[in-house]
Amino acid sequence: MKGIITVLGKDKVGIIAKVCTYLAEQNVNILDISQTIIQGYFNMMMIVDITAPAKSFEALIEDLQKLGAELGVEIKLQHEDIFNTMHRI
Amino acid sequence: MITLGEVQETNKMIREMNLDVRTITMGISLMDCAHSDLQVFNRNIYDKITRLAEKLVKTGEDLERQFGIPIINKRVSVTPISIAAGGLKTDSYVPVAEMLEKAAKEIGVNFIGGFSALVHKGFTEGDRKLIESIPEALSVTERICASVNIGSSRSGINMDAVKLMGGIVKKTAELTADRDSAGCSKLVIFCNAVEDNPFMAGAFHGVGEPECVINVGVSGPGVVKRALEEVKTSDFETLCETIKRTAFKVTRVGQLVAQETSKRLGVPFGIVDLSLAPTPEIGDSIAEIFQVMGLEEAGAPGTTAALAILNDNVKKGGVMASSYVGGLSGAFIPVSEDHGMIQAVQKGALTLEKLEAMTCVCSVGLDMIAIPGDTSAATISGIIADEAAIGMVNNKTTAVRIIPVIGKGVGEIAEFGGLLGYAPVMPVNGFSCASFIDRGGRIPAPIHSFKN
């Protein structure tokens, strides 16, 4: 089972580090990262393995939201199915 | 592999274009709850609804979080009460409505549909009692939705029912006069009603449906509007193609939510209703789609054609995205629930007659229209008869949800609150149709109904 994490907001030092550290603590493996900065805005997508996380999917979503609030960016974790269904036949 | 572009597109549709799943509706059969004693019947329906729909709201909320897509309404529809309560020894079905309300509160849904009767060919005793209970039932409850099917392409139009319903609408308006006659916003009069419609106020669980089923209604006028803005000066082919592609994506989300809900609740998946249901929010309006298509206001010449294009292409795009499609499917054109439609009425661009013409190509009919409180019951019956005739002859579902706002006249605003929105009172043709309605009896089915 995979999840998609998106991070959106004003760029600053340590966003990737904080997100990655949190994911490592929760036993969530990162499978792919792509990231761009457009006019000072940080835009990142991660594909993560959520087969055996330490916490429930719901708890991860909440934690990441809180982490985003601390960093001043918006962090979302969504189940990959919504993107697969919408964009793949 | 999923690309960054695709993820951004989906999330942009959710965040900026009002993409959502409009409703998850659990249909529940109340056939096995039948009993002649009111108390036993009421206990049976309460127990069954609260047992089957116990986790409905929670499951909807879980899916909302997991996929990051808003699911606006979680609702329940039940077997038409006139059928389920056919054996009941009572004069009034108002206590049944109160019990349904209690069950709805318990499970946390905002509407429960099925305080309904199907009388397209004639009345049973139960049908009559139910219809007569509607005004009081809608005035003493908040979450109950009622509907009555008064005609079909196969059986014609039951004009006795049409006459009766004019009075029922009027009485419901009077009993809820303190709330701008909002009781009428929960009463739909259908021709060719469908059994699996997940949208209120017309939802009920038809007799051909399984014990319990999950139906999902998708929405998204906002998404279609934004997609069309990007091809603003294109020809009709591109316009249609864009609607189709967008409808496909929107419906896929509905299909995913429907399947997942059904899996988690262990209840079969019924249908996805491919609809564009507007909300009073700016940017989530069917009328604004017409403007992007090139009309100054909804109601301008060309509006019926624009609606026909929209409706057809939503269906074409959506059908491939879902394994089972049903319900009403198409664009809804309510007045009070659509910001752009309200404005069009206020500017004098949109009239009742134009709305009626538009219902020939929309998914439902005259929807959420406020009319003067002193409109006679016969005139309301006349409006119902016209709308039913359009449905009967054209083999489609049509409906009337009209609100004679007691104490208010043309141009004044009626407030219904929340999702139901607000509407300017529209003028109605004042010439009488009373003698026509007084004839009673049944209009025979049209010739093309004989298909056997």
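Because the structure is a prediction, the values reported are computed rather than measured.

Time to look at the domain arrangement of chain B. Residues and elements named next belong to chain B. Each assigned domain of chain B is listed here: domain 1 (4-191) and domain 2 (218-245 + 277-443). When each unit is reduced to the centre of its C-alpha atoms, the spacing between domain 1 and domain 2 is 21 Å. Contact with domain 1, which involves 43 residues of that partner, is made by 54 residues of domain 2. Between domain 1 and domain 2, the buried area comes to about 3,700 Å², and carbon and sulfur atoms account for 61% of it.

To continue, consider helix α11 (residues 303-319) of chain B. Residue and element names in this part refer to chain B. With 17 residues, α11 extends 24 Å from end C-alpha to end C-alpha; this agrees with the ideal 24 Å at 1.5 Å per step. If you check which residues of α11 are buried, you get Thr303, Ala306, Leu307, Ile309, Leu310, Asn311, Asn313, Val314, Gly317 and Gly318. Those residues of α11 hidden inside the fold are in contact with α8 (221-229), α9 (236-265), β9 (275-276), α10 (286-293), β10 (330-331) and α13 (352-358).

What follows concerns the sheet that holds strand β4 (residues 73-79) of chain A. Residue and element names in this part refer to chain A. The antiparallel open sheet is built from four strands, whose spatial order is β2-β3-β1-β4. One side of each edge strand has no neighbouring strand; the edge strands of this open sheet are β2 (29-38) and β4. Put simply, the sheet's adjacent strands are angled 15° from each other on average, direction ignored. In the sheet, strand β1 (residues 2-10) pairs with strand β3 (residues 41-49) via nine bridges, with the strands oriented antiparallel.

Bringing the environment of His120(B) into the picture now. Residue and element names in this part refer to chain B. One can find His120 in the loop between β3 (112-118) and α6 (125-140). Once the C-alpha coordinates of His120 and Asp160 are considered, the two residues, 40 residues apart in sequence, prove to be 9.9 Å apart. For His120, the contacting residues outside a window of four places in its chain are Asn149, Ile150, Gly151, Ser152, Ser155, Gly156, Ile157, Asn158 and Arg442. Engagement of the side chain of His120 in a polar contact is seen with the side chain of Asn149, the distance being 2.8 Å.

Attention now moves to the UniProt feature "domain: ACT" (unreviewed entry) in chain A. Here the UniProt feature "domain: ACT" (unreviewed entry) sits at residues 4-78 of chain A. A helix fraction of 35% and a strand fraction of 43% characterise residues 4-78 of chain A, whose end C-alpha atoms lie 5 Å from each other.

Another aspect to go through is the confidence of the model for chain B. Low pLDDT marks regions whose predicted coordinates should not be analysed in detail. Looking at chain B, pLDDT values average 95 and 100% of them are 70 or higher. Scored as a complex, the prediction yields pTM 0.93 and ipTM 0.87.

For the rest of this paragraph, the subject is the pattern of salt bridges. Applying the stated rule across the entire model yields 26 salt bridges over all chains. With its nearest N and O atoms 2.5 Å apart, the salt bridge here joins Asp63(A) to Lys55(A). On the basis of relative accessibility, which here comes to 18%, the residue Asp63(A) falls in the buried class. Each of Glu16(B), Lys225(B), Arg226(B), Glu229(B) and Glu288(B) takes part in one network of salt bridges that share partners.

Together, Met31(B), Ile83(B) and Val207(B) give the surface a local cluster of nonpolar side chains, amounting to about 230 Å² of exposed area. When its relative accessible area of 34% is taken as the criterion, Ile83(B) is described as partly exposed.

All right, on to the interface of chain A and chain B then. It is common to report an interface's size as the accessible area lost on association of the parts. Contacts between chain A and chain B engage 27 residues on the former and 26 residues on the latter. Across the chain A/chain B interface, buried area totals approximately 2,500 Å², and carbon plus sulfur atoms make up 63% of it. Contact with chain B buries surface across chain A, with Ile82(A), Met86(A) and His87(A) losing the most and accounting together for 25% of the total. Across the contact surface, chain A and chain B share two salt bridges. Note that Arg15(B) is salt-bridged to Glu74(A), the shortest N-O span being 3.7 Å. Put simply, chain A and chain B have nine residue pairs in polar contact (both at pLDDT 80 or more) between them. Ranked by the residues each element gives to the side of chain A that touches chain B, the list is headed by helix α3 (residues 81-87) of chain A, at seven residues. When grouped by side-chain class, the residues that make up the side of chain A that touches chain B number eleven nonpolar, nine polar and seven charged.

Between its terminal C-alpha atoms helix α1 (residues 4-16) of chain B stretches 17 Å, which fits the 18 Å expected from 13 residues at 1.5 Å a residue. Those residues of α1(B) that sit buried are Leu4(B), Glu6(B), Val7(B), Thr10(B), Asn11(B), Met13(B) and Ile14(B).

Taken as a whole, this structure holds zero disulfides over all chains when the rule is applied. Cys145(B) supplies the cysteine sulfur nearest to Cys184(B), a cysteine that is in no disulfide, at a spacing of 13 Å.

Across the junction of Met200(B) and Ala201(B), the peptide omega takes the value 5°, indicating a cis bond. Mapped onto the elements, Ala201(B) comes out in the loop between β6 (187-191) and β7 (212-218). Located in the positive-phi region is Asn27(A), a residue other than glycine, with phi close to 60°. Along the chain, Asn27(A) falls in the loop between α1 (15-25) and β2. Even without glycine at this site, Asn18(B) takes up a positive phi of about 60°. Structurally, the position occupied by Asn18(B) is in the loop between α1 and β1 (21-28).

Our focus in this paragraph is the packing of α10(B) against α11(B). Residue and element names in this part refer to chain B. Taken N-terminus to C-terminus, the directions of α10 and α11 make an angle of 105°; their axes are 10 Å apart at the nearest point. Accordingly, the angle class assigned to the pair α10 and α11 is roughly perpendicular. Residue-level contacts link Ile286, Ile289, Phe290 and Met293 of α10 to Thr303, Ala306, Leu307, Ile309 and Leu310 of α11. Of the residues assigned to the contact of α10 with α11, the class counts are eight nonpolar, one polar and no charged.

Definitions and limits used
Residues numbered from 1 in each chain as written. Chains lettered and ligands numbered in written order. Predicted model: local features only at pLDDT ≥ 70, side-chain atom pairs only at ≥ 80, totals over all residues. Heavy atoms only, no water. Domains from an automatic or database assignment. Contact = heavy atoms within 4.5 Å. Buried area = accessible area lost by both parts, 1.4 Å probe. Helix = DSSP H or I, 4+ residues; strand = E, 2+ residues; numbered from the N terminus. Expected span 1.5 Å × (residues − 1). Buried < 20%, exposed > 50% of the residue type's maximum accessible area, 1.4 Å probe, protein only. Pairing = 2+ DSSP bridges. Axes fitted to C-alpha atoms, helices over the stretch in contact; angles between N-to-C directions. Polar contact = N/O pair within 3.5 Å; in protein donor to acceptor, adjacent residues only side chain to side chain. UniProt positions renumbered as here; feature names shortened; annotations may be inferred. pLDDT = per-residue confidence, 0-100. Salt bridge = Lys/Arg side-chain N within 4 Å of Asp/Glu carboxyl O. Patch = residues over 30% accessible without salt bridge, like charges linked within 9 Å, V, L, I, M, F, W, Y side chains within 5 Å. Areas by Shrake-Rupley, 256 points an atom, 1.4 Å probe, with all protein chains shown as cover. Nonpolar A, V, L, I, M, F, W, Y, C, P; charged D, E, K, R; others polar. Disulfide = S-S within 2.5 Å. Parallel < 35°, antiparallel > 145°, perpendicular 65-115°, else oblique.

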